[in-house]
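Take a look at the letters that make up each chain.
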Amino acid sequence: MIVAFLFILIGCLWSFKRSSRTRMLSTLVLNAHQLHEFATRVLKKSRGTLEFKGPWFAKMDFIITSDIPMNVHYISSKNFSNYPKGPDLRMILEPFGDGVFAADGNLWKMQRKMIHSVMKHNKYESALEKTIYQKLENGLIPVLDHASEVGIKVDLQDVFQRFTFDNICMSVLGIDPNYLSFEFPQVAYANAFNATEQAVFYRHIVPKSWWKLQKWLHIGKEKELSKAMKTFDRFLYECISLKRERLLISRKASTEEEEEFDVLTAFMVEGEEEEEMNEDREIGALRRNDKFLRDTAFNLLAAGKETVSSGLVWFFWLVATHPSVENKILEEMKANMVMQKEEEEEHRDKRLLFDAKEVNRMVYLHAALCETLRLYPPVPYNHKIAAQADVLPSGHRINKNHSILISYYAMGRMEEIWGKDCLEFKPERWISERGSIVHVPSYKFTAFHAGPRNCLGKDTAFIQMKMVAALILGNYQVKVVQGHPISPCNSMVLHMKYGLKVQLSKRTIW
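Now for a description of the structure that goes with this document. What you see is a predicted model, and the numbers here were worked out from it, not measured in a lab.

## Examining the overall build of the chain
Thought 1: Along its length, the chain carries 20 helices and 9 strands.
Thought 2: Of all 510 residues assigned to the chain, the portion counted as buried reaches 55%.
Thought 3: For the chain, contacts bridging at least 24 residues in sequence account for 72% of all contacts bridging at least 6.

## Quick notes on a nonpolar patch on the surface
Thought 1: Taken together, the side chains of Trp210, Leu213, Trp216, Leu217 and Ile219 define a hydrophobic patch exposed on the protein surface, amounting to about 540 Å² of accessible area.
Thought 2: Along the chain, the position of Trp210 falls in helix α10 (residues 208–217).

## Description of the packing of aromatic side chains
Thought 1: A complete count under the given rule lists 22 aromatic pairs for this structure.
Thought 2: With a centroid separation of 6.3 Å and 85 degrees between ring planes, the pair formed by Tyr124 and Phe261 is classed as edge-to-face. Taken as a pair, Tyr124 in helix α7 (residues 124–150) and Phe261 in the loop between α11 (220–253) and α12 (263–276) lie far apart in primary sequence, 137 residues in all. There is no split in this pair, since Tyr124 and Phe261 are both buried.
Thought 3: When the centroid spacing of 6.5 Å and the interplanar angle of 40 degrees are considered together, the rings of Phe165 and Tyr189 count as tilted. Linking Phe165 in helix α8 (residues 156–173) with Tyr189 in helix α9 (residues 188–205), this pair joins segments that are 24 residues apart in sequence. Comparing Phe165 with Tyr189 shows no difference in burial state: the two are buried.
Thought 4: Grouping aromatic residues by their ring pairs yields a cluster made of Phe96, Phe101, Phe165, Tyr179, Tyr189, Phe193, Phe232, Phe235 and Phe298.

## Thoughts on the pairing of strand β4 (residues 381–385)
Thought 1: Burial analysis of β4 places 5 of its 5 residues in the buried class, which makes it a mostly covered element.
Thought 2: Side chains of β4 alternate between two faces, with Tyr381, His383 and Ile385 and Asn382 and Lys384 buried alike.
Thought 3: Here 5 bridges tie β4 to strand β7 (residues 403–407), and the two strands are oriented antiparallel to one another. Bridge pairing in β7 places Lys384 opposite Ile404.

## Some remarks on unusual backbone geometry
Apart from glycine, the bulk of residues carry a negative phi angle, and the bulk of peptide bonds sit in the trans form.
Thought 1: Even without a glycine there, the phi angle at Phe184 is positive, about 45 degrees.
Thought 2: In this structure, Phe184 sits in the loop between α8 and α9.
Thought 3: Residue class for Phe184 comes out partly exposed when judged on its relative accessible area of 26%.

## Comments concerning the sheet that holds strand β3 (residues 154–155)
Within a sheet, each strand pairs with its neighbour through backbone hydrogen bonds, oriented either parallel or antiparallel.
Thought 1: Strand order in the open sheet formed by 3 strands is β3-β9-β8, with antiparallel pairing between adjacent strands. Among the strands making up the open sheet, the edge pair consists of β3 and β8 (476–480).
Thought 2: Where β8 and strand β9 (residues 501–506) come together, 5 bridges link them in antiparallel fashion. Paired with Tyr476 across the bridge in β9 is Lys506.
Thought 3: On the sheet, helix α20 (residues 458–475) packs against β8 and β9 and is oriented at approximately 95 degrees with respect to β8.

## Topic: the pattern of salt bridges
Thought 1: One pass over the structure, following the stated rule, counts 28 salt bridges.
Thought 2: Between Lys305 and Glu197 there is a salt bridge; the shortest N-O distance is 3.8 Å. Linking Lys305 in helix α14 (residues 290–320) with Glu197 in helix α9, this pair joins segments that are 108 residues apart in sequence. Accessibility assignment for this pair places Lys305 and Glu197 in one class, buried.
Thought 3: Among the ionic pairs, Asp421 bridges to Arg429, the shortest N-O distance being 3.2 Å.
Thought 4: For Asp421, a relative accessible area of 18% gives the class buried.
Thought 5: Linked through salt bridges whose partners overlap, the residues forming this network are Glu371, Arg374, Asp421, Lys426 and Arg429.

## Some details on the environment of Gly97
Thought 1: Within the fold, Gly97 resides in the loop between α5 (87–92) and α6 (105–119).
Thought 2: Residue classification places Gly97 among the buried residues on the basis of a relative accessible area of 18%.
Thought 3: Those residues in contact with Gly97, other than ones at most four positions away along the chain, are Ala102, Lys291, Arg294 and Asp295.

## Side note on the packing of α9 against α14
Thought 1: For the pair α9 and α14, interaxial distance at closest approach is 12 Å and the crossing angle is 85 degrees. In this view, α9 runs roughly perpendicular relative to α14, as classed from their interaxial angle. Residue-level contacts link Phe193, Asn194, Thr196 and Glu197 of α9 to Phe298, Leu301, Ala302, Lys305 and Glu306 of α14.
Thought 2: Its residues placed into classes, the contact of α9 with α14 shows 4 nonpolar, 2 polar and 3 charged.

## A closer look at the nonpolar core
Thought 1: Counting residues in each nonpolar core, the largest one holds 94 residues, and the members touching the most others are Leu140, Phe315, Phe316, Ile329 and Met333.
Thought 2: Looking at this core, the element that brings in the most residues is α20, giving 11 residues.
Thought 3: Leaving out residues up to four positions away in the same chain, Ile329 has contacts with Phe315, Val319, Tyr364, Leu365, Ala368 and Leu473.
Thought 4: In this structure, Val100, Trp108, Ile115 and Leu300 belong to the second largest nonpolar core, which totals 54 residues.

## Describing the pairing of β7
Thought 1: Taking burial as the measure, the 5 residues of β7 include 5 buried ones, the bulk of the element.
Thought 2: Every second residue of β7 is oriented toward a common face, with Ser403, Leu405 and Ser407 on one face and Ile404 and Ile406 on the other, all of them buried.

The rules behind each value
- Residues numbered from 1 in each chain as written.
- Predicted model: local features only at pLDDT ≥ 70, side-chain atom pairs only at ≥ 80, totals over all residues.
- Heavy atoms only, no water.
- Helix = DSSP H or I, 4+ residues; strand = E, 2+ residues; numbered from the N terminus.
- Buried < 20%, exposed > 50% of the residue type's maximum accessible area, 1.4 Å probe, protein only.
- Contact = heavy atoms within 4.5 Å.
- Patch = residues over 30% accessible without salt bridge, like charges linked within 9 Å, V, L, I, M, F, W, Y side chains within 5 Å.
- Areas by Shrake-Rupley, 256 points an atom, 1.4 Å probe, with all protein chains shown as cover.
- Salt bridge = Lys/Arg side-chain N within 4 Å of Asp/Glu carboxyl O.
- Phe/Tyr/Trp six-rings, centres within 6.5 Å; stacked < 30°, edge-to-face > 60°.
- Pairing = 2+ DSSP bridges.
- Axes fitted to C-alpha atoms, helices over the stretch in contact; angles between N-to-C directions.
- Parallel < 35°, antiparallel > 145°, perpendicular 65-115°, else oblique.
- Nonpolar A, V, L, I, M, F, W, Y, C, P; charged D, E, K, R; others polar.
- Core = buried A, V, L, I, M, F, W, Y, C linked by side-chain atoms within 4.5 Å.

Dropping the structure here:
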């Protein structure tokens, strides 16, 4: 994907500068540290859509767009079937297998149906909330207490990535890796998961021929990827095998003892039920396939870990640098405050905690998170391939197998979409005169994608982010370390390049 950005920038320089290759490359180097902002400026100059030809040796043409009224809505929804992920991206996303992120066509539709079915399970929401509560109490609070009491600086980005990894593993696999603790331990399969994501990003930033050569020779990043995948796959297949054994033992014992809910087990059980009902034979067959369960688990882990951690770290930086927004969130929390019932002598240790129902009443907090995701979408770009030749509403002609990039990052910074104050962090834009959240179409607010590929875990992500945000803001003051550099990574997920170093101190608002 980043290769595409480089082509975009080079194409722009050809189009607007008409300068020598040396000048183009020097301009590119000068802007390498701010590719997202540079691409945004270029799109503004080209009225939201840019067509260009990449360097001759790349043999690729690209279009990048942030044009909502015409192109984005058309590609994401109106002519969705003509713009799949495509074989090249599936090749890059090899660790995702045939999971929902990389799949197209009927396989993608079946997976959407299966995931949606599990998320509608009557135990799903209660299990999710219980899992978050458990990790808040046993993971996040001890780490933040330790940091505030000792007075050490902590990287909130690292904290959130560890928190979300533990949380999503508990939700999907029923296993707590305990990746988040004040020792900041190294967990082999957690590190393997991170290494896998880094290697996939590497495939985006080098020519396909280069990483394919590395894979063939088993060297460099491809060697690291192979090793990481083996480690993490071993962990996943062990989880799948353990679940099958437990289900078999439970069935033989005819026990009615209720076990903890997790997504992987729910997938397996629903598959058996469908087989018994003689419905959806194809889906039932997939559920019994260990490779398919592995791919599903990997995709859900990636989605649950990255989206929430990215959103939270940008949220806390924005709130910490906008005191008026923080004060409004705290006032809203006071009005909805529910404290844990504890013994009177333990008053000094009381925690301000909110459950899912309570945080869902916090309109301003929700608006602040929406505003964060508008400016800093976890996935800053969406890559599409044209299955057939087409003409975009903007008039740009698309050839078959033509690559298209939708810049979600740039869309959040377009005056035509969000008004002249589009660069301001302004949660009020999300609140109606009646005090409720304003509905914004998914093709405009694209943090959770748009059209048929919109994120099924949107509500889950918001609940998790709001519960974490309310806990931290209600119990701690968060101050960004003075002089700490803030810059987005040039990556698939919009992390902070240098993390977010903060100092914490305890506070009470009741």
